[in-house]
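Coordinate analysis (summary)
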Amino acid sequence: MRILFLGDIVGKPGRQAVRTLLPRLVDRARLDVVVANCENVTDGSGVDPKNAGELLEAGVHVLTSGNHVWRRKEIVEFIERQPRLLRPANFPPNVPGRGWTVTESADGTSVAVLNLIGRVFMDSVDCPFQAAERLVPELQKRARVILVDMHAEATSEKGAMGRFLAGKVAAVVGSHTHVQTADECVLAGGTAFITDAGMCGPIESILGVRVEPVLRRFLTHMPTKFDVASGPVIVQGAMIDVDPESGRASAIRRVQERVER
């Protein structure tokens, strides 16, 4: 089977590009399951019910998130009743929503998706490694194929999670930094890994945001409002081939396609 993970989708340009490109990608690459990180889909920071629903209707099976998921207060009620929208599983206990889900491909293959968040250079949360150690054995009872979104700032922490789960899950894909890395590989035991899948957002930008306000912030250190950039969009992610019987990955390829607006 073939799974597509799309990097952080940024604002309206990213949403529109995914809606435009995804049907073609599904047909061309014969995709079975699509997972996407959506924590920046609403004006570049956070996610609201309308925008989450738009991506689910466009063909995304599961939406993951990260540290920006609570930026829109209306998402709290929505995430409680929408099992296809995840928040990191290692958030503190009793936080709204869920950190994992199980979806099915068209042929009925169960695919578990686990959302974790790192702690290095991020807010203090529960240990993602201990959460993975606790949850992966439970997910293995529900699905042979398991994909992990490791939403983290530090490349070392993402790489460590890949090695920690090598041979236990089908894939560990990093998100959050919006810069696609070139280290895709299949680790020992058949676990596909990439440090960061990249982003789905405007090309002429800094991480999807207009250049001028970001430069002003660096130059002056004064509070600055960041706006999503415009223009052509890059859709980035990772495509992973997995044996549905063993749950082991055989290949991972970077996805990088330009969408004109």
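For the structure, see preceding data.
What comes next concerns the included structure. None of these values were measured; they are calculated from a predicted model.

One can find Asn-90 in the loop between α3 (75–81) and β5 (100–104). Among the residues examined, Asn-90 registers a relative accessible area of 1% and is labelled buried. One polar contact links the side chain of Asn-90 to the main-chain carbonyl oxygen of Asp-126, over a distance of 2.8 Å. Not counting chain neighbours up to four residues away, the residues in contact with Asn-90 comprise Leu-116, Ile-117, Val-125, Asp-126, Cys-127, Pro-128 and Ala-131.

Bringing the layout of surface pockets into the picture now. Volume-wise, the largest pocket comes out at about 670 Å³. Residues of the lining of the largest pocket, tallied by class, amount to ten nonpolar, eight polar and eight charged.

The next point concerns the environment of Pro-202. Checked against the element boundaries, Pro-202 lands in strand β11 (residues 199–202). The class for Pro-202 is buried, based on a relative accessible area of 0%. When the C-alpha positions of Pro-202 and Val-233 are compared, they lie 4.2 Å apart, and in sequence the two are 31 residues distant.

Glancing now at the packing of aromatic side chains. A complete count under the given rule lists two aromatic pairs for this structure. Considering the side-chain rings of Trp-70 and Phe-91, the 6.3 Å spacing of their centres and the 35° angle between planes classify their relative orientation as tilted. Remark: Phe-91 occurs in the loop between α3 and β5 and Trp-70 occurs in the loop between β4 (62–64) and α3; sequence separation between them is 21 residues. Accessibility expressed as a relative area gives 30% for Trp-70, which makes it partly exposed. What makes Phe-91 buried here is its relative accessible area of 9%. The positively charged end of Lys-168 is found above the aromatic ring belonging to Phe-164, 5.1 Å away from the centroid.

This brings us to the pairing of strand β1 (residues 2–6). With four of five residues buried, β1 is to be regarded as a mostly interior element. Here five bridges tie β1 to strand β12 (residues 233–242), and the two strands are oriented antiparallel to one another. When the bridges of β12 are listed, Ile-3 appears paired with Ile-240.

In this structure, Leu-4, Leu-6, Leu-55, Leu-63 and Val-235 are the most contacted members of the largest nonpolar core, which totals 36 residues. When contributions to this core are tallied by element, the ones reaching two or more residues are β1, α1 (11–29), β3 (33–37), α2 (49–57), α3, β12 and β13 (249–259). Here this core takes six residues from α1, the largest share from any one element. Dropping the residues within four chain positions of it, Leu-55 is found in contact with Ile-9, Arg-15, Val-18, Cys-38, Val-41, Val-60 and Leu-63. Core analysis: the second largest hydrophobic core is formed by 22 residues, Ile-3, Val-33, Val-173 and Val-242 among them.

Pairing in this open sheet of six strands is mixed, and the strands run β5-β6-β7-β8-β10-β9 from one edge to the other. In this open sheet, the two edge strands, each paired with only one partner strand, are β5 and β9 (185–187). Each strand axis lies, on average, 25° off the axis of its neighbour in the sheet, ignoring direction. Pairing between strand β8 (residues 171–175) and strand β10 (residues 191–194): three bridges, direction parallel. By the bridge assignment for β10, Val-172 is matched with Phe-193.

Thresholds applied
Sequence positions are assigned chain by chain, starting from 1 and proceeding in written order. Whole-chain, interface and lining totals are the exception, using all residues; otherwise, since this is a predicted model, local features are given only for residues with pLDDT of at least 70 and side-chain atom pairs are given and counted only at 80 or more. As a rule here, side-chain values come from all non-hydrogen atoms in the structure, and water together with hydrogens is ignored. Numbering of helices and strands runs from the N terminus, with a helix taken as a DSSP run of H or I at least four residues long and a strand as a DSSP run of E at least two residues long. Relative accessibility under 20% of the residue-type maximum defines a buried residue, over 50% an exposed one, and the middle range a partly exposed one, all with a 1.4 Å probe and only protein chains included. Counted as a polar contact is a pair of N or O atoms within 3.5 Å, where, for protein atoms, one must be capable of donating a hydrogen and the other of accepting one, and residues adjacent in sequence contribute only when both atoms are in side chains. Residue contacts follow a heavy-atom distance rule, with two residues in contact if any of their heavy atoms lie within 4.5 Å. As defined here, a cavity is a set of points on a 1 Å grid over the protein atoms alone where a 1.4 Å probe fits but cannot get out. A pocket is an open set with protein on both sides within 12 Å along at least five of seven lines, and residues line them when an atom is within 4 Å of a point. Grid points are joined across faces, edges and corners, and a volume is the space filled by probe spheres set on the points. Under the scheme applied here, ten amino acids are nonpolar (Ala, Val, Leu, Ile, Met, Phe, Trp, Tyr, Cys and Pro), four are charged (Asp, Glu, Lys and Arg), and all others, including Gly, are polar. Geometry of aromatic contacts follows a simple scheme: Phe, Tyr and Trp rings, the Trp one being its six-membered ring, pair when their centres are within 6.5 Å, and the pair is stacked under 30 degrees between planes, edge-to-face over 60, tilted otherwise. Two conditions define a charge sitting above a ring: the NZ of Lys or the CZ of Arg must be within 6 Å of the ring centre, and it must be within 35 degrees of the ring normal. Two strands are counted as paired when DSSP detects at least two bridges linking them. Put simply, a nonpolar core is a bunch of buried Ala, Val, Leu, Ile, Met, Phe, Trp, Tyr and Cys residues held in one set by side-chain atoms that sit within 4.5 Å of each other. For helices, the fitted line uses only the C-alpha atoms of the stretch in contact; every axis is such a line through C-alpha atoms, and the angle between N-to-C directions lies from 0 to 180 degrees.

The values reported here are purely geometric and, on their own, carry no functional implication.
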